[in-house]
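Here are the chains, one letter per residue:
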Amino acid sequence: MKTEYEKCLAGEPFNGGKDPEIAEMTLRTRRLLAMLHATDYADTDRKQALLRELFGSMGKGVHVDIDFHCEYGKNIFIGNKVIVNMNCTFVDNHRIEIGDNVLIAPNVQIYTATHSIDVRERMVWDWQEGDGICNTIARPVKIEDGAWIGGGSILLPGVTIGRNSVIGAGSVVTRSIPANCVAVGNPCRVVKWIDSGI
């Protein structure tokens, strides 16, 4: 029988409130984030060490600004030369993969978690005190090399942002965006193609 976390990574409905492994990951992440937020802004070495402990992997030249939030941490994989600006939230129940040379502007939200639109599947009906109240489904999110995610954008579960593409500020990305384009809006749509020369 699969654990709730195994169900999570398999893309099956899971109840995170019932799984000790998920509870421990979440507690570990909250503690690491508290230490990160309490670290002096100028103490780059300490911040980098905490981020390396928090994330699944992190390349060179990565900057994560203040008030960063995430769920498990260990499902975030960041390449080289990446900026994650202020007030970003990564709900990493599933894998969030960020390539090289990526810019993520302030207030970007990346969600891997969603719920069924059917309330009968979404809620836990045989709920008991101490259990999670709802079932969650997780899908991975990928941001390919050279992408730029504009401020306040929201990336929903299961999307890929193609290589070198730009997501306009405030966009809601409900479907994958191809490489070498500018895409904007809610829902986010391609409005221009880019000749990146790469």
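Values in this document were obtained by computation on a predicted structure and should not be read as measured data. (Residues numbered from 1 in each chain as written. Predicted model: local features only at pLDDT ≥ 70, side-chain atom pairs only at ≥ 80, totals over all residues. Heavy atoms only, no water.)

A. Summary view of the overall build of the protein. When helices and strands are tallied, the protein shows four helices and 19 strands. Computed over C-alpha atoms, the radius of gyration of the protein comes to 17 Å, within 12% of the 16 Å expected from 2.2 N^0.38 for 198 residues, which places it in the range of a compact globule. With the C-alpha coordinates of the protein rotated into their principal frame, the extents come out at 55 × 40 × 25 Å. Looking at the 198 residues of the protein, the share that counts as buried comes to 40%. Residue pairs at least 24 apart in sequence account for 29% of intrachain contacts in the protein once pairs closer than 6 positions are excluded. A total accessible area of about 10,200 Å² is found for the protein, and carbon and sulfur atoms account for 54% of it. Taken together, the 21 basic and 24 acidic charged side chains of the protein have centroids lying 5 Å from each other. (Helix = DSSP H or I, 4+ residues; strand = E, 2+ residues; numbered from the N terminus. Rg over C-alpha atoms; globule rule 2.2 N^0.38 Å. Buried < 20%, exposed > 50% of the residue type's maximum accessible area, 1.4 Å probe, protein only. Contact = heavy atoms within 4.5 Å. Areas by Shrake-Rupley, 256 points an atom, 1.4 Å probe, with all protein chains shown as cover. Lys, Arg positive; Asp, Glu negative; His and termini not counted. Charge placed at Lys NZ, Arg CZ, Asp CG, Glu CD.)

B. Examining the nonpolar core more closely. Counting 37 residues, the largest nonpolar core has F68, F90, I104 and I143 as the members making the most contacts within it. With residues near it in sequence (within four places) discarded, I143 still touches E97, I98, G99, V102, I104, I110, I149, L155 and I161. Formed by seven residues, the second largest nonpolar core is a distinct cluster that contains Y5, C8, F14 and M25. (Core = buried A, V, L, I, M, F, W, Y, C linked by side-chain atoms within 4.5 Å.)

C. How the structure looks around the sheet that holds strand 13 (residues 148-149). Spatially, the seven strands line up as an open sheet ordered 2-5-8-13-16-18-19, and their pairing is mixed. The sheet is open, and its two borders are formed by strand 2 (62-64) and strand 19 (189-193), each paired with just one other strand. Taken together, the four bridges between strand 18 (residues 181-184) and strand 19 define a ladder with antiparallel strand orientation. Considered in strand 19, the bridge of V184 is made with R189. (Pairing = 2+ DSSP bridges.)

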